[in-house]
Amino acid sequence: MSITKDTSLVKNHNFLISAIALGVILNPLNTSMITVALPEIKKEFLLTSKDITWLIASYFIVCAIFLPLIGKISDFYGRKKIFLLGLILVSISSFAAPLSQNMLTLLGMRAIQAIGTSALYPAGIGIVRSCVKKNQNRVIGLLSVFATTSAAFGPTISGLLIHLGGWHVIFYVNFPIIIISAILAIIFIPNDKAIVTETFKWDGIGIILFSFLISFWIYFLQTLKSGLNVWILIGSLALTFLFYFFEKKKTQPFIDVVFLKENSNISLVYIQYIFATLVFFAMLLSMPMYLQSVLMLSPKLTGIIMLSLSISAMIITPIATRWIEKSGYRIPLITGVIIGIVGVILLITIKHSSPLYWISIVLSTVGLSNGILNIGLQTLLYSSVSVSESGTASGLFLTSRFMGNILASSIFGLMFASGVNDINKDWMTIILIVVSAILFLGVLYITKEKSVVNTTTTNF
């Protein structure tokens, strides 16, 4: 089954965009709000640092699996239906998660939340690309502002809420967002029109292989602090090759590895987004713990300091969008990476005695970089894929983001296994500098033929 959207003029684009924007922020918001709540959750459930790392990583694993799947499903069965289903799942998890009596229940509710939020972005981008014909890049840029800002605002909101009512309250903040988004979506998003052209085939084996592949690699990374587990490494590599060769033979694969191989520039956009997200989320994950454990700040003050990330990203994203429209991708993306390298290097200067204003400056620098890279890589991707496959493309794009999140959480667990302190923070910084250097080389390569805006598309 294939889906075409009602492309007649939508009278109230602003309401349609608002519905999608509110849904889109739920994933990054719930990804980052948990970071400030980790010390309280750890204390209440008597968890180890390893347990806490898995609480974060499990959310990313579920998102990484379901994003490409739900993106593809939304292209076939209807983006409005999938968008509303996502809101329902987030509602269920947000109600039940605060009632969790143990770690296992909380993990389950977070998994349902991850599935629900994974439906919102690919379905939402597909709706925008099929319904909004004017200034489409600016609309996507606006959604990027919402996503980036909500991710960076997450620790601030979480810190204030925890100060008032404990970690349980962070889940209740979802309800006003869900209700408003659902009402606007029902009224202003056009209904899906289904035209039967082909049958959707579930690649069950591919999904299972990908799930094991991701889980094995996460386990390998999480256990590196205890030494190199050769058998897990071999198993991870074996699953990777098995997944590739299995998907290569499928007519409707879970992930089209043949397309990714033949379209190296698109594949490199995904890879670069993994690196960009790794740097950003490593900061987003480690700094709240560092500020509370080393500088002994309260959750409330920690959230206020983390606000530096969101403000800088929020300011730079619309500026970067118009910059890209006028000059192309190359200079903005290269500038974004350079700013990021500067920010990561400055991270070394932060110590337990550092003034709070200096920490805010460093965080702001990283936020500027992420805002530019996020919108730059995103618009670069959508300039090269067809509208009909927007859900699939955006699903894989966010899968790349969660691969970066997974790697960041693994680095966090590895670097801070012996405690959160200045020395371990500096070792993490060295890793992020290396990643930023690789990101710089990659951006130079993928933009060498993209110095002007590419308006052509290829079938994804």
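Residues numbered from 1 in each chain as written. Predicted model: local features only at pLDDT ≥ 70, side-chain atom pairs only at ≥ 80, totals over all residues. Heavy atoms only, no water.

Q: Help me out: how do you make sense of the nonpolar core in this one?
A: A general tendency of soluble globular proteins is for nonpolar side chains to be buried together. Core analysis: the biggest nonpolar cluster contains 140 residues, and Ile-41, Met-287 and Leu-291 have the highest contact counts within it. Considering every element that reaches this core, the biggest residue donor is helix H11 (residues 264-293), with 17 residues. In contact with Ile-41, other than residues within four places in its own chain, are Ile-34, Leu-47, Leu-55, Leu-106 and Trp-167. (Core = buried A, V, L, I, M, F, W, Y, C linked by side-chain atoms within 4.5 Å. Buried < 20%, exposed > 50% of the residue type's maximum accessible area, 1.4 Å probe, protein only. Helix = DSSP H or I, 4+ residues; strand = E, 2+ residues; numbered from the N terminus. Contact = heavy atoms within 4.5 Å.)

Q: Before we go on, may I ask you to explain the environment of Gly-376 in this structure?
A: With respect to the helices, strands and loops of the structure, Gly-376 is situated in helix H14 (residues 356-382). Overall, the relative accessible area of 0% leaves Gly-376 in the buried class. Placed 48 residues apart in sequence, Gly-376 and Gly-328 show a C-alpha to C-alpha distance of 9.2 Å.

Q: Explain the pattern of salt bridges to me, please; I cannot follow it from the model alone.
A: For side chains bearing opposite charge, pairing can occur when the charged atoms are close. Within the structure shown, the criterion is met by two salt bridges. For Asp-426, the salt bridge goes to Lys-351, with nearest N and O atoms at 2.7 Å. A residue pair is termed long-range when its members are at least 10 positions apart, and Asp-426 in helix H16 (residues 422-446) and Lys-351 in the loop between helix H13 (330-346) and H14 qualify at 75 residues. One salt bridge connects Asp-426 with Lys-425, and the closest N-O pair in it is separated by 2.9 Å. (Salt bridge = Lys/Arg side-chain N within 4 Å of Asp/Glu carboxyl O.)

Q: Would you mind going over the packing of helix H12 (residues 299-327) against H13 with me for this structure?
A: Packed helix pairs are characterised by how far apart their axes lie and by the angle those axes make with each other. For the pair H12 and H13, the least separation of the axes is 8 Å and the interaxial angle reads 140 degrees. For the element pair H12 / H13, the angle class is oblique. Judged by residue contacts, Trp-323, Ile-324 and Ser-327 of H12 engage Ile-331, Pro-332 and Thr-335 from H13. Its residues assigned to classes, the contact of H12 with H13 comprises four nonpolar, two polar and no charged. (Axes fitted to C-alpha atoms, helices over the stretch in contact; angles between N-to-C directions. Parallel < 35°, antiparallel > 145°, perpendicular 65-115°, else oblique. Nonpolar A, V, L, I, M, F, W, Y, C, P; charged D, E, K, R; others polar.)

Q: I'm lost on the packing of aromatic side chains in this one. Help?
A: The description of an aromatic ring pair rests on the distance of the ring centres and on the angle between the ring planes. Summed over all chains, the structure comprises seven aromatic pairs. Judged by centre distance (4.6 Å) and plane angle (15 degrees), the rings of Phe-15 and Phe-188 are stacked. With Phe-15 in helix H1 (residues 13-24) and Phe-188 in helix H7 (residues 174-188), this residue pair connects regions lying 173 residues apart in the sequence. Centre to centre, the rings of Trp-167 and Phe-171 are 6.3 Å apart; their planes meet at 80 degrees, and the pair counts as edge-to-face. Both residues of the pair, Trp-167 and Phe-171, belong to the buried class. Linked through ring pairs, Phe-45, Trp-167 and Phe-171 together constitute an aromatic cluster. Positioned above the aromatic ring of Tyr-59 is the side chain of Arg-110, whose terminal nitrogen or guanidinium carbon lies 4.0 Å from the ring centre. (Phe/Tyr/Trp six-rings, centres within 6.5 Å; stacked < 30°, edge-to-face > 60°. Lys NZ or Arg CZ within 6 Å of the ring centre and 35° of its normal.)

Q: In this structure, what is going on with helix H2 (residues 26-44)? I would like to understand it.
A: Side chains of residues three or four places apart in an α-helix project in the same direction, reflecting 3.6 residues per turn. If you check H2, its first and last C-alpha atoms are 25 Å apart, about what 19 residues at 1.5 Å a residue would give, namely 27 Å. Considering bend angle alone, the principal kink of H2 is centred on Ala-37 and spans about 60 degrees; proline Pro-39 follows within four residues of it. Burial analysis of H2 places 14 of its 19 residues in the buried class, which makes it a mostly covered element. Leu-46, located one to two residues past H2, shows a positive phi value of around 55 degrees. (Expected span 1.5 Å × (residues − 1). Bend = angle between axes of the 7 residues up to and from the residue.)

Q: What's the story with helix H8 (residues 204-222) in this structure? I'm lost.
A: Between its first and last C-alpha atoms H8 spans 27 Å; for 19 residues at 1.5 Å apiece the expected length is 27 Å, and the two agree. Within the sequence span of H8, burial applies to Gly-206, Ile-207, Leu-209, Phe-210, Ser-211, Leu-213, Ile-214, Ile-218, Phe-220 and Gln-222.

Q: When you look at unusual backbone geometry in this model, what are you seeing that I'm missing?
A: Most peptide bonds adopt trans geometry, and most residues besides glycine take a negative phi value. At Met-296, a residue that is not glycine, the phi angle is positive and equals roughly 60 degrees. By relative accessible area, Met-296 is classed as exposed at 62%.

Q: Can you help me understand the side chain of Thr-117 in this one?
A: Note that Thr-117 resides in helix H5 (residues 103-131). Owing to a relative accessible area of 0%, Thr-117 belongs among the buried residues under this scheme. Side-chain polar atoms of Thr-117 contact the side chain of Tyr-59, separated by 3.3 Å. Setting aside anything within four residues of it in sequence, one finds Thr-117 in contact with Leu-26, Asn-27, Tyr-59 and Val-90. (Polar contact = N/O pair within 3.5 Å; in protein donor to acceptor, adjacent residues only side chain to side chain.)

Q: Would you take a moment to explain the side chain of Gln-113 for this structure?
A: Mapped onto the elements of the fold, Gln-113 is located in helix H5. With residues near it in sequence (within four places) discarded, Gln-113 still touches Asn-30, Tyr-59, Val-90, Ser-93, Ser-94, Phe-171 and Asn-174.

Q: Help me out: how do you make sense of the environment of Asn-27 in this one?
A: For Asn-27, the location among the structural elements is in helix H2. For Asn-27, a relative accessible area of 2% corresponds to the buried category. With 123 residues separating them in the primary sequence, Asn-27 and Ser-150 have C-alpha atoms 8.9 Å apart. If we skip the residues at most four places from it in the chain, Asn-27 touches Tyr-59, Cys-63, Thr-117, Ser-118, Arg-401 and Phe-402. A polar side-chain atom of Asn-27 sits 2.9 Å from a polar atom in the side chain of Thr-117.

Q: Just to check I follow, could you spell out the packing of H12 against H14 for this structure?
A: Where H12 contacts H14, the two axes come as close as 7 Å, and the packing angle between them is 35 degrees. Relative to H14, H12 is oriented so that their crossing is right-handed. Each residue belonging to the contact of H12 with H14 can be placed in one class, and the counts come to 15 nonpolar, ten polar and no charged. (Left-handed = near helix turned anticlockwise from the far one by under 90°.)

Q: I keep staring at a nonpolar patch on the surface and nothing clicks. Help me out?
A: On the surface, Ile-423, Trp-427, Ile-430, Val-434 and Ile-438 cluster together to form a nonpolar patch covering roughly 510 Å² of accessible area. As for its placement among the helices and strands, Ile-423 is situated in helix H16. (Patch = residues over 30% accessible without salt bridge, like charges linked within 9 Å, V, L, I, M, F, W, Y side chains within 5 Å. Areas by Shrake-Rupley, 256 points an atom, 1.4 Å probe, with all protein chains shown as cover.)

Q: Can you help me understand the confidence of the model for the protein in this one?
A: Note: predicted coordinates in regions of low pLDDT should not be interpreted at a detailed level. Taken residue by residue, the protein gives an average pLDDT of 81. The fraction at 70 or more is 89%. Across residues 1-10, where pLDDT falls below 50, the model places 40 contacts with residues more than four positions away in sequence or in other chains. Between residues 451-460, whose pLDDT stays under 50, and residues either more than four places distant or in other chains, the model counts 36 contacts. (pLDDT = per-residue confidence, 0-100.)

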